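# Residue-level structural notes
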Amino acid sequence: MIEKYGLNDPFHEQYGHWITNILQGNLGWSETARMPVAEALVSLFPATLELVLFAFVPGILGAIWLGSRAGVHLNKPVDHGIRLFTVLGWSFPVFVFGLVMLMVFYGSLGWFPPGRLSQWALVEVGGDGFRRWTGLNTVDALLNGNLPVFLDALRHLILPVVSLSYVNLASMTRIMRTSMLESLRQDYVRTARAKGLSERVVQNRHARRNALLPVVTVAGMEVAAMLGGVVITETIFDYHGLGQFAANAAANLDFPAVLGFALYFSLVLVALNLVVDLLYPLFDPRVRLA
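Calculation rules
Residues numbered from 1 in each chain as written. Predicted model: local features only at pLDDT ≥ 70, side-chain atom pairs only at ≥ 80, totals over all residues. Heavy atoms only, no water. Axes fitted to C-alpha atoms, helices over the stretch in contact; angles between N-to-C directions. Helix = DSSP H or I, 4+ residues; strand = E, 2+ residues; numbered from the N terminus. Parallel < 35°, antiparallel > 145°, perpendicular 65-115°, else oblique. Left-handed = near helix turned anticlockwise from the far one by under 90°. Contact = heavy atoms within 4.5 Å. Nonpolar A, V, L, I, M, F, W, Y, C, P; charged D, E, K, R; others polar. UniProt positions renumbered as here; feature names shortened; annotations may be inferred. Buried < 20%, exposed > 50% of the residue type's maximum accessible area, 1.4 Å probe, protein only. Core = buried A, V, L, I, M, F, W, Y, C linked by side-chain atoms within 4.5 Å. Expected span 1.5 Å × (residues − 1).

## Topic: the packing of helix α2 (residues 37-72) against helix α9 (residues 199-227)
For the pair α2 and α9, interaxial distance at closest approach is 10 Å and the crossing angle is 150°. Relative to α9, α2 is oriented roughly antiparallel. Here the hand of the crossing between α2 and α9 comes out right-handed. For the pair α2 and α9, contact is made by F45, T48, L49, V52, F56, I60, I64, S68, R69 and V72 and by Q203, N204, R208, L212, V215, A219, V223, M226 and L227, respectively. Looking at the contact of α2 with α9 residue by residue, the class counts come to 13 nonpolar, four polar and two charged.

This is how it looks when you write it as structure tokens:
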């Protein structure tokens, strides 16, 4: 193995050999997945993407709404309730929350099983009559007009989505609340009120729009972390995505897979940072003018 991977070569030669393979699209062979690393990443990416879409979209919308309500109703029962909700979510370890959800809703009630699909759905999806379009079970089931598979995929998504979105919802809600409080104290908000604008217009059009900037930044990093593979969540719920693949690769000392995963995550992080920068002018005209 040492001779095969050139581990006796000088460091710069090993690195040069690796870079040359990367530029040729060769990330090596993964013993964990029993296929090339690039092929494993491509095949598992839709699973993680599906989980991220279902967890992030409700999470960011809920965080914006809850943070805005808490900021507007400062030190009122609504604010106290939202703060308690976010503190619990912020301090609850993901693996503990996930295990509790799994124990209650699967172990005791048997409602929401782990994995991505039930056995009968896996057989149906793997059959000749089911065409794979995107790799996302819910989307492909709808495109094939297969409602039972769609409902089964949703049933398997509920627990990991709730576990993942609750923690992210709590952190982004806290940031949105703080940013909203700061925006409501700005001079332009007082000016808008002095012009006779309704409180709803002042809050939604003037205060909340400017309060979104820190949330957009944090949301971009949250998406990058999710797309990088939510290792704990996917492992707990036996969800076959990039996170579980990375965990298994590290446990098996599958170095090409770990390096390929790290490279993929770096590219996702850079790309989403760029997307966040491009979104800034939509929320703050001062960025456009600068």
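Past the structure itself, the notes keep going.
## What to know about the UniProt feature "transmembrane region" (unreviewed entry) in the chain
Those residues carrying the UniProt feature "transmembrane region" (unreviewed entry) are residues 44-66, 87-112, 157-176, 211-237 and 257-280 in this numbering. Along residues 157-176 the backbone is 100% helical and 0% strand, and the end-to-end C-alpha distance reaches 27 Å. Secondary structure content for residues 257-280 is 100% helix and 0% strand, while the C-alpha to C-alpha distance between its ends is 35 Å.

## Side note on the packing of helix α8 (residues 187-194) against α9
Between α8 and α9, whose axes approach to 10 Å, the crossing angle comes to 160°. As far as their axial angle goes, α9 and α8 are roughly antiparallel. For the pair α8 and α9, the sense of crossing is right-handed. Here α8 contributes Y188, V189, A192 and R193 to the contact with α9, which in turn contributes E199, V202, H206, A207 and N210.

## Some points on unusual backbone geometry
Look at R34: it is not a glycine, yet its phi comes out positive at around 60°. Within the element layout of this structure, R34 appears in the loop between β1 (29-30) and β2 (35-36). Of note in the backbone geometry, L253 takes a positive phi value of approximately 55° without being a glycine. Following the sequence through the fold, L253 ends up in the loop between α11 (242-251) and α12 (255-283). Under the relative-accessibility criterion, L253 is labelled exposed at 59%.

## A closer look at the nonpolar core
Counting 47 residues, the largest nonpolar core has L41, L51, F56, I60, M176, L227 and Y264 as its most contacted members. Of all elements in the fold, only α2, α7 (147-184), α8, α9, α11 and α12 reach the threshold of two or more residues within this core. Among the elements that line this core, the one with the most residues is α2, at 14 residues.

## Quick look at helix α4 (residues 94-108)
Taking 1.5 Å of rise per residue, 15 residues should cover 21 Å, and α4 covers 20 Å from first to last C-alpha, within 8% of that figure. The set of residues buried in α4 consists of F97, G98, M101 and L102. Next to the buried residues of α4 lie α7 and α10 (231-236). One or two residues past the end of α4 sits G110, with phi positive at roughly 70°.

## Some points on the environment of S179
Tracing the backbone shows S179 in helix α7. Distance from S179 to A207, taken between C-alpha atoms, is 9.1 Å for residues 28 residues apart in sequence. In this structure S179 touches N210, A211 and P214, once residues within four positions along its chain are discounted.

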